[in-house]
Structure formats: C-alpha cells, structure tokens
Amino acid sequence: MTTTAVAHPAAAAAFRPAVEAPADIVLELTGTLPQELRGTLYRNGPGQWESGGFYAAHPFDGDGLVSKFVIDEGRVRYQSKYVRTPKFLAEQRGHGDRVRGIYTQAKALRHNAGRMPADCANTHVVYHAERLLALSDAGRPWAIDPDDLTTIGQCTFDGRLPQLTRFSPHPKIDPLTGEMFNFGLDLAPRLAPRVPAGLRCYRVDPGGRIHSEAVVPLDDVVIQHDFAITQNYLVFAIAPIAVDPVHAARALLGFGNTGDTTQFRPELGMKIVLVPRCGGRQRVIECDPLVYVHVNNAYEDGSDIVLDIVRHPSFDLLAVDLKQFRTQQPGLGWPARLRIGPAGRVEVEDIDLQSVEFPVHDERRTGRQYRYSYFSQSGPGFDSAIVKLDNETGEQRAHTFAHGEFPGEPIFVRASTKGAEDDGWLLVVAYLPAEHRTALFVLDAADIEHAPIAVAHLDRHVFPGFHGSFTERVAGPAVL
Ligand SMILES: [Fe+2]
C-alpha cells in the first residue's frame, strides 16, 4: 500500500485562519437534540498557520484553538479561544518570523540555533480532576479555564511534573478508577548521560495529584505519540520512528528543522513494552517494525494482550504529505489488531478498511474488551465518512458526508451508564466547504448511517481539529 496525496480544493478554505469566538454564541440548530444529551464537548486543533510573520510549513505548526460546544436545555453554545502560548503571543506582536516551529524555521539563523520547536498546544484537550488541559507533543500541559477558555498558564501539577519532561497528548482515563495515565519523553537523559533515556510514566489520581510511576528506557529518541492501558498494564508499542543523531545535531545548530530529523528506521527494530500499573518488572516483546500514529484501545484477553492501532504504509503521511496541507488531501491508514501472546509472539491482523484515522471507542470500555470502533475516513477516492467497525463480526457501517465535506474525529457519548456499548451518540465537527463554515453533527451511534439527529451550525469556519473530549459537566458562562 502506498500513500498518495491529491489536489483538494476545499483544503485551502478549511485552512484559512479561524477567528476566535470570545463569548458564547448560541448556534443555529437543525433537528432536535436528545434530552439526555447534556454536557460539554471540547475540541483542540490548529486554527491559524500564518500570523504576524510566521508561515507554517506543516499543519502541526499551527496555533492551538480550543473550542467548546455546550449542549444543554436543547441548544448548543459555542466559544473558542487560542491558547496564549509564547508562540501565539510573539505572533501577536508581529514577531512570528522569529518563531521556530517543528517543521518551520525562523527567518534568521540566530532564532533557530539552540532553540527547541515552539509549543503550539494544538493537539488535544482533556478534562480531568476539574482541570482542562490543552496538550501537544512539543510541550507541557496548558491549563485552560473550562468555562471561558482563558489560558491560565502552564500546568506543572503543583510543581510535581519534572522539569525537562513532556506530557504527551493522549492520556488515558481508567473508567473504573478515574485515574488518568500518561507518559512523556524525558529530555533530561541527554543532558545527564548516566540517567537512561526514556518515557516517564505518570498516574494522575482522581484528586488531580500526579505520581511518577516508572521509566521505559529507550536506546534512541523516538516519536511516541500515543499508548494504551489495560486493567493491569500501560502498553507502549515503540515503533522505530526515531531522531537521526547527525541530523539532530545540525538542527540543534539551527541548520534544518527539527521535524525532519525524524525518520522511520526499521533497522532499529520495534518493541512492545508492558509496564505493570502497580509496579514491577517491565515486559519487552520484539516484533516486526510498522508505522502507526494512533492507538484506539487495548485489553487483556486471557493471557494475551490485544492492542488496536491505525497503521500507515509509510512515514510519508507526516514527513511529506502533510506539508502540502493547504492544497492536497493525503491518504490515511487502516486499522490493525496486534495480539501479543504470553510467549512473546505478536500476531498482526490488518483490517480491510481504508483511509481512516482518529480511532475512538466508548470510553466506558477503555482498557477493557470492547466491540465497536469508530473512525474518521477521508482521502483520495473517498467521500468522507464516519465509520463504525464491529470488532466481533467485522461489519462496517458508515455515515457518509456530502462530497467535499470534511469531518474530524468522532467522539462517542453514552446515553446511559448501563446501556449497550453503542447506545449513545457520536459528536462530529465537520467543515462544510459549500457554506465555508463548520458544524457539529449529532449522529445516532446505533444507527450511524441514518440522517443526523441534529446539526448545530457555526456562523464561521474552524478546522475540525485533531482531538477532543466530552464531559457531562455543563460549562459556563450562562447565556445572557
Ligand atoms: Fe493524536
């Protein structure tokens, strides 16, 4: 399978800068919202790529725009604000040409030499323990006011998040314990060679206190975007998407961007590391290298561990294709199930479902055996869709969008605590090129192919974002 990108006229408009909605707006609604659907959907994603002299070479270098959709009393309120990162503020001052991104160089060498890529805070937004956190790979968490989306500042978990450690953008919340698990690339080892390089694992308890649990040692600096939990383990599939040391040294001096120092290097091999949640020896399993970015879920099946991911044919999606984001639509990936046996054998089952990404599930089943996966599907040759995959039967059902429409990641919201696994709704933010605006679609997860239950239309456009989360908490402020 190969990745191909094709011209995508709607892309140019979707990636125009999004304008903040600084106060709540009540959205125009088509259809009727279910009475039981009540809470707040938060979304995060880049919203502007050219600002104050900065011109992003890659979508990952766009400024994070956090949006909230508050669903309450039969209506939807919307608000959005950019995260006030140093990068955003420099652009506001007209100093964007001094900003070094991940794939974007500052204009002058002196603004690249010795500089880490600027944090855009643009990847995910998660609500846990009364904190709303905007997250990305390139930085530490940003605390955001959950009601009015004001940037409070960097979150250090009361000073307990170690310096020089990142906090990755895909934490996992155990639905039974309320604990939030995560990891971050520990940058300290390269400065203090006696400390092994690694992925530092965290547990944030339901009260919001962070605990540093373990370090997964690394032989190379890798790009580890996602992971999974099961009832007893943290599961890391460490693909050899690694930083090339020679290129990295050049980039450190300012010659060449840091993003391009990362390559798929199959000769390094691939490891799956199981970290016991309650402490103890880590188990390391070697397997054939593969390329992936996102994990959907994992669970223990007898003595096996099952890990569901979305594979890609090559690293070109990130390293090549997405650089054409203003005009080209890239091909995406396909789901794969990895079954890790007790003797260390890894079986890989590729699922026949093409051009998908953003895998999600009912988060009541995080870390547990589950039946349904949901994906966003788009790419050359596809009308975009939200696809529901039955992991037991292999059945695929889809809600297809009008040609050219561009749905982002679906978020499943349960209808009740004890209902069936697909008893609920999918909240999908989609860009509608014909109207050059964005809308929130509410789909029935059990009957996904049917017409939307409701659609809430923004009065403006916004890129549908990368990731988001739903909480039953109804965010303020109240409508005046
Ligand atoms: Fe992601």
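So, here is what we can say about the structure in this document. (Residues numbered from 1 in each chain as written. Predicted model: local features only at pLDDT ≥ 70, side-chain atom pairs only at ≥ 80, totals over all residues. Heavy atoms only, no water.)

1. A closer look at the overall build of the protein chain
Here is step 1 of the chain: Each helix and strand counted, the protein chain has 5 helices and 37 strands in total.
Here is step 2 of the chain: Taken over C-alpha atoms, the radius of gyration comes to 21 Å for the protein chain, in line with the 23 Å a tight globule of 480 residues would show.
Here is step 3 of the chain: Taking the principal axes of its C-alpha atoms as reference, the protein chain extends roughly 60 × 60 × 45 Å.
Here is step 4 of the chain: A burial count over the protein chain gives 59% of its 480 residues as buried. (Helix = DSSP H or I, 4+ residues; strand = E, 2+ residues; numbered from the N terminus. Rg over C-alpha atoms; globule rule 2.2 N^0.38 Å. Buried < 20%, exposed > 50% of the residue type's maximum accessible area, 1.4 Å probe, protein only.)

2. Comments concerning the coordination of the iron ion
Here is step 1 of the chain: Donor atoms from the polypeptide that bind the iron ion are His-170 (NE2), His-225 (NE2), His-294 (NE2) and His-467 (NE2), placed at 2.0 to 2.2 Å.
Here is step 2 of the chain: Within one chain, the residues serving as donors to the iron ion are arranged as H-x54-H-x68-H-x172-H. Of this pair, His-170 sits in the loop between β12 (151-154) and β13 (172-173) while His-294 sits in strand β23 (residues 291-301), placing them 124 residues apart in sequence.
Here is step 3 of the chain: Overall, the relative accessible area of 7% leaves His-294 in the buried class. (Donors = N, O, S within 2.8 Å, 3.2 Å for Na, K, Ca; no water.)

3. Some points on the sheet that holds strand β15 (residues 198-204)
In sheet architecture, strand pairing relies on hydrogen bonds along the backbone and comes in two forms, parallel and antiparallel.
Here is step 1 of the chain: Taken in spatial order, the 4 strands of this open sheet run β13-β14-β15-β16, and their pairing is antiparallel. Strand pairing shows two members of the sheet lacking a second neighbour, β13 and β16 (210-217), which therefore form its edges.
Here is step 2 of the chain: In the sheet, β13 pairs with strand β14 (residues 180-186) via 2 bridges, with the strands oriented antiparallel. Bridge pairing in β14 places Lys-172 opposite Phe-181. (Pairing = 2+ DSSP bridges.)

4. Description of the state of the cysteines
Here is step 1 of the chain: Counted under the stated rule, the structure contains 0 disulfides.
Here is step 2 of the chain: The cysteine Cys-155 is free of any disulfide, with Cys-201 supplying the nearest cysteine sulfur at 18 Å.
Here is step 3 of the chain: A relative accessible area of 7% places Cys-155 in the buried class.
Here is step 4 of the chain: No disulfide involves Cys-201; its sulfur sits 13 Å from the nearest other cysteine sulfur, which is in Cys-278.
Here is step 5 of the chain: Classification of Cys-201 by relative accessible area gives buried; the value is 1%. (Disulfide = S-S within 2.5 Å.)

5. Details of the environment of Phe-382
Here is step 1 of the chain: Position of Phe-382 among the secondary structure elements: in strand β30 (residues 382-390).
Here is step 2 of the chain: Along the backbone, Phe-382 and Cys-120 are 262 residues apart, and their C-alpha atoms lie at a distance of 30 Å.
Here is step 3 of the chain: Not counting residues within four places of it along the chain, the set of residues in contact with Phe-382 comprises Gln-354, Ser-355 and Gln-377. (Contact = heavy atoms within 4.5 Å.)

6. Side note on the side chain of Ser-67
Here is step 1 of the chain: Position of Ser-67 relative to the elements: it lies in strand β7 (residues 63-72).
Here is step 2 of the chain: For Ser-67, a relative accessible area of 4% puts it in the buried group.
Here is step 3 of the chain: Polar side-chain contacts of Ser-67 include one of 3.3 Å to the side chain of Tyr-78.
Here is step 4 of the chain: Apart from residues no more than four positions distant in its own chain, Ser-67 is found in contact with Leu-41, Tyr-42, Arg-43, Tyr-78, Gln-79, Ser-80 and Leu-149. (Polar contact = N/O pair within 3.5 Å; in protein donor to acceptor, adjacent residues only side chain to side chain.)

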